[in-house]
Amino acid sequence: MLFRSAGQDAVRLQDAVLHWLRVVGDLQFVTHVWVHGEDLEALCSLEGSNVFINPGHPRTTSALQQRSPASLAWLLLGVFAHINTRVGEVENRHERDFQVEVAQALRDGRLSWA
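In this report, the structure presented in the accompanying data block is examined. Since the model is a prediction, treat every value here as computed from it, not as a measurement.

**Comments concerning the layout of surface pockets**
The space that makes up the largest pocket amounts to roughly 180 Å³. Val24, Gly25, Asp26, Leu27, Phe29, Phe80, Glu89, Val90, His94, Asp97, Phe98 and Glu101 together form the lining of the largest pocket. With four residues, helix α4 (residues 92–108) is the single largest residue contributor to the lining of the largest pocket. Residues belonging to the lining of the largest pocket are distributed by class as follows: six nonpolar, two polar and four charged.

If you want it as structure tokens, here you go:
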């Protein structure tokens, strides 16, 4: 059995979220995702081209502990929803399309990161 450190899991989660935001969500302006920012009150923050995901938020801790497709899906949906509220170019229809893609990937077994 292989054991990974929490840091390795955080890096893999960052990479997975960045992939989904850029490739599936077409948010090309997002260049980095960081699991960092214990002082964040929300799930995440968007600062320029960086998304900071709160490592202490229940969705993040669930994703890091469970490493399941469903926990990743909930995290992705929350992050995209936050971006939708902050960026004028991202509209509800974009979020809806993203939700459909995530749901289909979850259904088809294509959503994983760990």
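**Concerning the side chain of Asn84**
In this structure, Asn84 sits in helix α3 (residues 69–86). What makes Asn84 buried here is its relative accessible area of 12%. One polar contact links Asn84 to Asn92, side chain to side chain, over a distance of 3.0 Å. At a separation of 2.4 Å, a polar atom in the side chain of Asn84 contacts the side chain of Glu95. Among residues more than four places away in sequence, those in contact with Asn84 are Val90, Glu91, Asn92 and Glu95.

**Observations concerning the packing of α3 against α4**
Where α3 contacts α4, the axes come no closer than 10 Å and their chain directions differ by 175 degrees. When the axes of α3 and α4 are compared, the pair comes out roughly antiparallel. In this structure, α3 uses Pro69, Ala70, Ala73, Leu76, Leu77, Phe80, Ala81 and Asn84 to contact α4, whose residues at the interface are Asn92, His94, Glu95, Phe98, Gln99, Val102 and Leu106. Among the residues making up the contact of α3 with α4, the classes are represented as 10 nonpolar, four polar and one charged.

**Topic: unusual backbone geometry**
In this model, Asp26 sits at a positive phi of 55 degrees, which is unusual for a non-glycine residue. Mapped onto the elements of the fold, Asp26 is located in the loop between α1 (6–24) and β1 (32–35). Judged by its relative accessible area of 56%, Asp26 is exposed. Even without being a glycine, Arg67 presents a positive backbone phi close to 50 degrees. Looking at where Arg67 falls in the secondary structure, it is placed in the loop between α2 (58–66) and α3. Judged by relative accessible area, which is 37%, Arg67 ranks as partly exposed.

**Comments concerning α4**
Taking 1.5 Å of rise per residue, 17 residues should cover 24 Å, and α4 covers 24 Å from first to last C-alpha, within 8% of that figure. By the burial criterion, the buried members of α4 are Glu95, Phe98, Val102 and Ala105. Viewed end-on, α4 has its buried residues packed into an arc of 90 degrees, placing them on one side of the element. Exposed residues on α4 whose side chains face more than 90 degrees from its buried face are Asn92 and Arg107. Two residues or fewer past α4, Gly109 is found with a positive phi of approximately 75 degrees.

Cut-offs applied
Residues numbered from 1 in each chain as written. Predicted model: local features only at pLDDT ≥ 70, side-chain atom pairs only at ≥ 80, totals over all residues. Heavy atoms only, no water. 1 Å grid on protein atoms, 1.4 Å probe; cavity = no way out; pocket = protein on both sides within 12 Å on 5 of 7 lines; lining within 4 Å. Points joined across faces, edges and corners; volume = space filled by probe spheres on them. Helix = DSSP H or I, 4+ residues; strand = E, 2+ residues; numbered from the N terminus. Nonpolar A, V, L, I, M, F, W, Y, C, P; charged D, E, K, R; others polar. Buried < 20%, exposed > 50% of the residue type's maximum accessible area, 1.4 Å probe, protein only. Polar contact = N/O pair within 3.5 Å; in protein donor to acceptor, adjacent residues only side chain to side chain. Contact = heavy atoms within 4.5 Å. Axes fitted to C-alpha atoms, helices over the stretch in contact; angles between N-to-C directions. Parallel < 35°, antiparallel > 145°, perpendicular 65-115°, else oblique. Expected span 1.5 Å × (residues − 1). Arc of directions from axis to C-beta.

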